[in-house]
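# Coordinate analysis (summary)
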Amino acid sequence: MTLEEVEAEVDGRIALWGKGPGYRFLRTRSDDGWPHVEGTHPRFQFITTERGLETCRTEMDAEGLIFVAVNETARSIATTEEFRTRRGDYSRGTWMEGHIRLMAMQSEDWGRRVSQAYATTLKKNPLRADEQAHERRLDLTAFGCQS
């Protein structure tokens, strides 16, 4: 797949949530921490630069790029909805659970993958007592996600 074909696939996937069209990867570095993509099929470089320094470079195929883009879009939806509906009741668990549900809409495997990543994170950095008390389920029906 070309990078343009990857972007078209991402557009189709995030349309499920009412997002897009027009998803585009940056092709050149921005030096502000936002990633860009270099390379051509079959291997792409997903690169993050900040203040003139390369902070991360990951080689991946088209499927990897699709996952990264869809995953970031889902995370953005979940964190935005958590913030929009917050009433002094912040919990990482709230947006994490929403993110998992959104990714599971795309693929059960993707939902499991994100869930496992959060399980690892929470094992190292568990929810604080106040986060546990304030954990809630996001209403994501506007994005086609069943409550």
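Our subject is the structure listed above.
Everything quoted here is computed from the prediction, not taken from an experiment. Within each chain, residues carry numbers counting from 1 in the order of the written sequence. Per-residue local features of the predicted model are confined to residues with pLDDT of at least 70, and side-chain atom pairs are confined, for both listing and counting, to 80 or more; whole-chain, interface and lining totals are unaffected and use all residues. The side-chain numbers reported here are obtained from all heavy atoms of the structure, hydrogens and water having been left aside.

## A few points about the pairing of strand E3 (residues 53-60)
- Strands pair, by our definition, only if DSSP identifies at least two bridges between them. Strands are runs of DSSP state E lasting at least 2 residues, helices are runs of H or I lasting at least 4, and numbering of each runs from the N terminus. Two strands pair when backbone bridges link them, and strand E2 (residues 43-50) and E3 are joined in this way by 7 bridges, in the antiparallel orientation. Note on E3: the bridge partner recorded for Thr48 is Cys56.
- In textbook terms, the turn of a hairpin is the stretch between consecutive antiparallel strands, and for E2 and E3 this stretch comprises 2 residues, one of which, Arg51, has a positive phi near 50 degrees.

## Quick word on the nonpolar core
- Among the buried residues, those of types Ala, Val, Leu, Ile, Met, Phe, Trp, Tyr and Cys that are joined through side-chain atoms within 4.5 Å form a nonpolar core. Working definition: with a 1.4 Å probe on protein chains only, accessible area under 20% of the residue-type maximum means buried, over 50% means exposed, and in between means partly exposed. Counting residues in each nonpolar core, the largest one holds 30 residues, and the members touching the most others are Trp17, Phe25, Leu65, Val70, Leu102 and Met103.
- Put simply, the parts of the chain that give this core at least two residues each are helix H1 (3-14), E2, helix H2 (62-85), helix H3 (92-106) and helix H4 (108-124).
- Looking at which element gives the most residues to this core, the answer is H2, with 9 residues.
- Excluding anything up to four places from it in sequence, Leu65 contacts Leu3, Val6, Phe25, Val37, Phe44, Phe46 and Met60. Working rule for contacts: check all heavy atoms of both residues, and any pair within 4.5 Å makes them a contact.

## A few points about the sheet that holds E2
- Pairing is antiparallel across the open sheet formed by 3 strands, whose spatial order is E1-E2-E3. Edge strands, defined here as strands with exactly one partner in the open sheet, are strand E1 (36-40) and E3. Across the sheet, the mean angle from the axis of one strand to that of its neighbour is 25 degrees, orientation sign disregarded. What counts as an axis is a line fitted to C-alpha atoms, over the stretch in contact for a helix, and the angles between N-to-C directions run from 0 to 180 degrees.

## Details of H4
- Taking 1.5 Å of rise per residue, 17 residues should cover 24 Å, and H4 covers 25 Å from first to last C-alpha, within 8% of that figure.
- Of the residues making up H4, those classed as buried are Trp110, Gly111, Val114 and Tyr118. The arc that holds every buried residue of H4, seen down its axis, measures 100 degrees, which confines them to one face. Opposite its buried face, H4 presents the exposed residues Glu108, Gln116, Lys123 and Lys124, each directed more than 90 degrees away.
- The inward-facing, buried residues of H4 abut H1, H2 and H3.
- Between the side-chain oxygen of the N-cap and the backbone nitrogen of Asp109 there are 3.2 Å, and the N-cap of H4 in question is Ser107. For a helix, the expected span equals 1.5 Å multiplied by the residue count minus one. It is the directions from the helix axis to the C-beta atoms that the arc portrays. For this analysis, a polar contact is any N or O atom pair within 3.5 Å, provided that within protein one partner can donate a hydrogen and the other can accept it, and provided that sequence-adjacent residues contribute only side-chain to side-chain pairs.

## Side note on the pairing of E1
- Note: E1 against E2, 5 bridges, orientation antiparallel. What sits directly across from His36, in E2, is Ile47.
- What sits between E1 and E2 in their antiparallel hairpin is a turn of 2 residues.

Read these as layout, nothing more, since geometry by itself doesn't imply function.
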